[in-house]
Amino acid sequence: MYVYDVILQNGFIVTEKGISKGNIAVKNGKISKITTSEINKLAEIHIDASNLYIIPGLIDSHVHFNEPGRTDWEGFKSGSKSLAAGGVTTFFDMPLNSSPPTINKEAFYEKNDAGKRKSITNFHLWGGLVPENLENLEELLNCGVIGFKAFMSSSGIKDFQACNDVALLKGMEKIAQLKSILAVHAESQSITAYLTEKMKTDNKLSIAAYCHSRPIESEIEAVERILSYALLTKCKTHIVHVTSSKVVSKINKAKQNGVDVSVETCPHYLSLSIKDFEEKGAIAKCAPPLRSEAEIELLWDCLKRGEIDVIGSDHSPSPQSMKVGNIFESWGGISGAQTTLNVLLEEGYWKRNVSLETIVKLTATNPAKRFQLYPEKGTIKVGSDADLTIIDLDKTFVLKKENLFYKHQQSPFINKEFRGQVMYTFISGNLIYQA
Ligand SMILES: [Zn+2]
């Protein structure tokens, strides 16, 4: 009989508050001791972490695993395995791209059962807010959704309709009553539809034309509108995949005025530009689209000032066959679930002096707090769940197609060199990934 299940010895322990050297002991899935003094070495798993960094397992609040219904695009099994390899221990699956979409309790149970059977990591499900399901929001919350997601512009999927202004207001009023949270894809339907139509009519079908059809102004218009609705309805709001400092600053002003709003960006908006999109093609297509190199730097400045709350991957894969042809018609979505931490370490920690504490805050502590999983998740404390990721900060590697656990081994980050590698991932003290 071992005293502990896992002992991680002499590692650099990183939380949102700082870094300290020490030993972590795990018992019954929880962190039972953190100490600098010698620990009884009898444990089922004993890891010498002398040159390694131990961080809270990442929480990816934004993935599309497409199961049930479009499991040929990804699925819980391959999706969660990719996350584990990237140091992620909990994910929130979006309500769309799976079929049926998660807009009522029947759909919730169908997806939740699939997830329970197949996911190797913890997960929660987002419920959808669509124009016709106001009556289903309460039952979805009772099922246990982590929050609700709505689109202000077309979602790209016919079975998940965007909300018009009235549907948004009604939904937000209801979600506020339920004391839940609304995540919003904020691009203007009018601006994007008008510009898309115009590009197509003028036969402008290049990648640059696609980017012009979804300008930053379209995000600003939608965000300003949703912020005033949030103020009006007092609905807790979360703006997903923001691409520009101009949008972040609108949200930041609203926060200062008392609006309960948080903001997410994604690794690709912090590391890939329109130039990369033009080079790599549809594999780097997403909505809103990638921006200029200057915007990338301004977004990092926002992140360093603490104006961004959460980094989510927005992993939204599809079969290769949907990534061909006219850029306006090809599937929009970047595969990134496995590489969130790699991008933040390479582009943030190593290249831009972003601290590990900040990376932990954005990928674990903040999402745990915002979505009520803290302090069981999102930090390293006695009593917290032993969801832990161990990294070798110095180890460099070039990402190869065959390293990816996705169902479709594609990513705009293939052939990129990263410094910082995930060595071990634990969930409740169980080793679920080892490099
Ligand atoms: Zn998404």
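Source: prediction; values computed, not measured.

Colleague: So what about the side chain of Thr339? Which residues, and what values?
Modeller: Structurally, the position occupied by Thr339 is in the loop between strand 14 (310-311) and helix 11 (340-352). When sequence neighbours within four positions are dropped, the list of residues in contact with Thr339 reads Leu399, Tyr406 and Phe413.

Colleague: Explain empty space enclosed by the protein to me, and be specific about the residues and the numbers.
Modeller: The final tally for this structure, using the stated rule, is three cavities of 30 Å³ or more. In this model, the largest cavity occupies a volume close to 40 Å³. Every residue lining the largest cavity is listed: Pro56, Gly57, Ile59, Thr89, Thr90, Glu376, Lys377, Gly378, Thr379, Asp385 and Asp387. Looking at the lining of the largest cavity residue by residue, the class counts come to two nonpolar, five polar and four charged.

Colleague: Summarise the packing of aromatic side chains; cite the residues concerned and give the values.
Modeller: All told, the structure shown has 18 aromatic pairs when counted by the stated rule. Ring centres of Trp73 and Trp331 lie 4.9 Å apart, and the angle between their planes is 65°; on these two criteria the pair is classed as edge-to-face. Of the two residues, Trp73 sits in the loop between strand 6 (58-63) and helix 1 (76-85) while Trp331 sits in the loop between strand 14 and helix 11, which places them 258 residues apart along the sequence. Look at Trp73 and you get buried, because its relative accessible area is 8%. Judged by relative accessible area, Trp331 falls into the buried class, the value being 11%.

Colleague: Explain the sheet that holds strand 8 (residues 122-125) to me, using residue names and the numbers behind them.
Modeller: Across the sheet, which stays open at both edges, the three strands sit in the order 6-7-8 with parallel pairing between neighbours. Taken across any chain shown, the strands that pair with only one partner, and hence form the sheet edges, are strand 6 and strand 8. Sheet twist, expressed as the mean angle between neighbouring strand axes with direction ignored, is 20°. Sheet topology note: the strand 7 (residues 88-93)/strand 8 ladder contains four bridges and is parallel. Among the inter-strand pairings, Asp93 is bridged to a residue of strand 8, identified as Leu125. The strands that helix 2 (residues 105-118) touches are strand 7 and strand 8; relative to strand 8, the one it contacts most, it runs at about 170°.

The rules behind each value
- Residues numbered from 1 in each chain as written.
- Predicted model: local features only at pLDDT ≥ 70, side-chain atom pairs only at ≥ 80, totals over all residues.
- Heavy atoms only, no water.
- Helix = DSSP H or I, 4+ residues; strand = E, 2+ residues; numbered from the N terminus.
- Contact = heavy atoms within 4.5 Å.
- 1 Å grid on protein atoms, 1.4 Å probe; cavity = no way out; pocket = protein on both sides within 12 Å on 5 of 7 lines; lining within 4 Å.
- Points joined across faces, edges and corners; volume = space filled by probe spheres on them.
- Nonpolar A, V, L, I, M, F, W, Y, C, P; charged D, E, K, R; others polar.
- Phe/Tyr/Trp six-rings, centres within 6.5 Å; stacked < 30°, edge-to-face > 60°.
- Buried < 20%, exposed > 50% of the residue type's maximum accessible area, 1.4 Å probe, protein only.
- Pairing = 2+ DSSP bridges.
- Axes fitted to C-alpha atoms, helices over the stretch in contact; angles between N-to-C directions.

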